[in-house]
Each structure stands twice: as C-alpha cells, then as structure tokens.
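Listed here are the chains, written in short residue letters.
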Amino acid sequence: MGPTINFRITDTGIGMTPDQLAKLFHAFGQADATTQKKYGGTGLGLVITRHFCEMMGGTIRVESEPGKGSSFTMELPFQVDRRQSNEPSGAQRNSTREQTLGGDPNGN
C-alpha cells in the first residue's frame, strides 16, 4: 500500500479481553451480553466501519486492555492528484500529525 492516512480513536473506557476482541467485528454481536444490556447498540457499527475501510482498500485494527481502554486505528490509502496543483498540500508538508478532539482523557 503506498501512502496512507490514519485515523486513531482511543478511549479510557472498560477495555476488552482477547475473547471479547475476537467477537468484535461479528454482525449483531457485542463483547458480551452484559455489555449489550448496559451500553445498548445493535452490534453493527464496527462491522459497517470495517466494510467501508475494506471497500476503500484500507484496514481497521483494535488494541485493548481490560480496565484501561481501547484504541481503534483505520488505515486508508491516500493518493494526491498532482494535476490539480503543483503546490504541496498540508498532508504532504506535514506527513505526521496527531490531533486530539474533545476534552481531556479524564473527562474534565
């Protein structure tokens, strides 16, 4: 895969065990029954996200630790159309940049 653009979403939530991670991308499934009961949802969000990533030639992966949180990373192919401009885009000038959205990780 040539150049890519990466999106990483990280939380400091309940995290997941390896057994829960194995079920994560299955349609209509949740980490376990207590998760579905407590937090709701249909179990389709990550299935759809993975499908979109794959349709665009990319991938999604997750890292998680129980009691510490989870990190989801989407990696998508990135191509610059040089016919539109000879000026380098922001992505070309700054090849690596992280940005945090929202408040601080402690919810303050």
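What comes next concerns the included structure. None of these values were measured; they are calculated from a predicted model.

Each value, and the rule that gives it
- Residues numbered from 1 in each chain as written.
- Predicted model: local features only at pLDDT ≥ 70, side-chain atom pairs only at ≥ 80, totals over all residues.
- Heavy atoms only, no water.
- Helix = DSSP H or I, 4+ residues; strand = E, 2+ residues; numbered from the N terminus.
- Buried < 20%, exposed > 50% of the residue type's maximum accessible area, 1.4 Å probe, protein only.
- Contact = heavy atoms within 4.5 Å.
- Areas by Shrake-Rupley, 256 points an atom, 1.4 Å probe, with all protein chains shown as cover.
- Pairing = 2+ DSSP bridges.
- Axes fitted to C-alpha atoms, helices over the stretch in contact; angles between N-to-C directions.
- Patch = residues over 30% accessible without salt bridge, like charges linked within 9 Å, V, L, I, M, F, W, Y side chains within 5 Å.
- Salt bridge = Lys/Arg side-chain N within 4 Å of Asp/Glu carboxyl O.
- Core = buried A, V, L, I, M, F, W, Y, C linked by side-chain atoms within 4.5 Å.

1. Observations concerning the overall build of the chain
(1) Moving on: For the chain, the count of helices and strands is four helices and three strands.
(2) Moving on: When the helices and strands of the chain are read in sequence order from the N terminus, they spell out β-α-α-α-β-β-α.
(3) Moving on: Sorting the 108 residues of the chain into buried and exposed places 19% on the buried side.
(4) Moving on: If you take every contact in the chain between residues at least 6 apart in sequence, the share linking residues at least 24 apart comes to 56%.
(5) Moving on: On the chain, roughly 8,500 Å² of surface is accessible, and the fraction owed to carbon and sulfur atoms is 53%.

2. Some points on the sheet that holds strand β1 (residues 4–10)
(1) Moving on: Pairing is antiparallel across the open sheet formed by three strands, whose spatial order is β1-β3-β2. Single-partner strands in this sheet number two, and they are β1 and β2 (59–65). Sheet twist, expressed as the mean angle between neighbouring strand axes with direction ignored, is 15 degrees.
(2) Moving on: Where β1 and strand β3 (residues 69–77) come together, seven bridges link them in antiparallel fashion. Bridging from a neighbouring strand, Ile9 pairs with Phe72 of β3.

3. Some thoughts on a nonpolar patch on the surface
(1) Moving on: Residues Ile48, Phe52, Met55 and Met56 make up a contiguous nonpolar surface patch of about 430 Å² in total accessible area.
(2) Moving on: Mapped onto the fold, Met56 is located in the loop between α3 (45–55) and β2.
(3) Moving on: Under the relative-accessibility criterion, Met56 is labelled partly exposed at 48%.

4. Re the nonpolar core
(1) Moving on: Listed in full, the eight residues of the largest apolar core are Met16, Leu24, Phe25, Cys53, Ile60, Val62, Phe72 and Leu76.
(2) Moving on: Elements with a contribution of two residues or more to this core: β2 and β3.
(3) Moving on: Leaving out residues up to four positions away in the same chain, Cys53 has contacts with Gly58, Thr59, Ile60, Met74 and Leu76.

5. Some words on the pairing of β3
(1) Moving on: Sheet analysis places β2 next to β3, joined by seven bridges and oriented antiparallel. Bridge pairing links Glu65 to Gly69 in β3.
(2) Moving on: Between the antiparallel neighbours β2 and β3 lie three residues, among them Gly67 with a positive phi of about 80 degrees.

6. Quick notes on the environment of Thr59
(1) Moving on: Inspection of the secondary structure puts Thr59 in strand β2.
(2) Moving on: When the C-alpha atoms of Thr59 and Met74 are compared, they prove to be 5.7 Å apart, with 15 residues separating the residues in sequence.
(3) Moving on: Apart from the residues lying within four places of it in its own chain, the contact partners of Thr59 are Cys53, Thr73, Met74 and Glu75.

Note that every value here comes from positions in space, so none of it alone points to a role or purpose.
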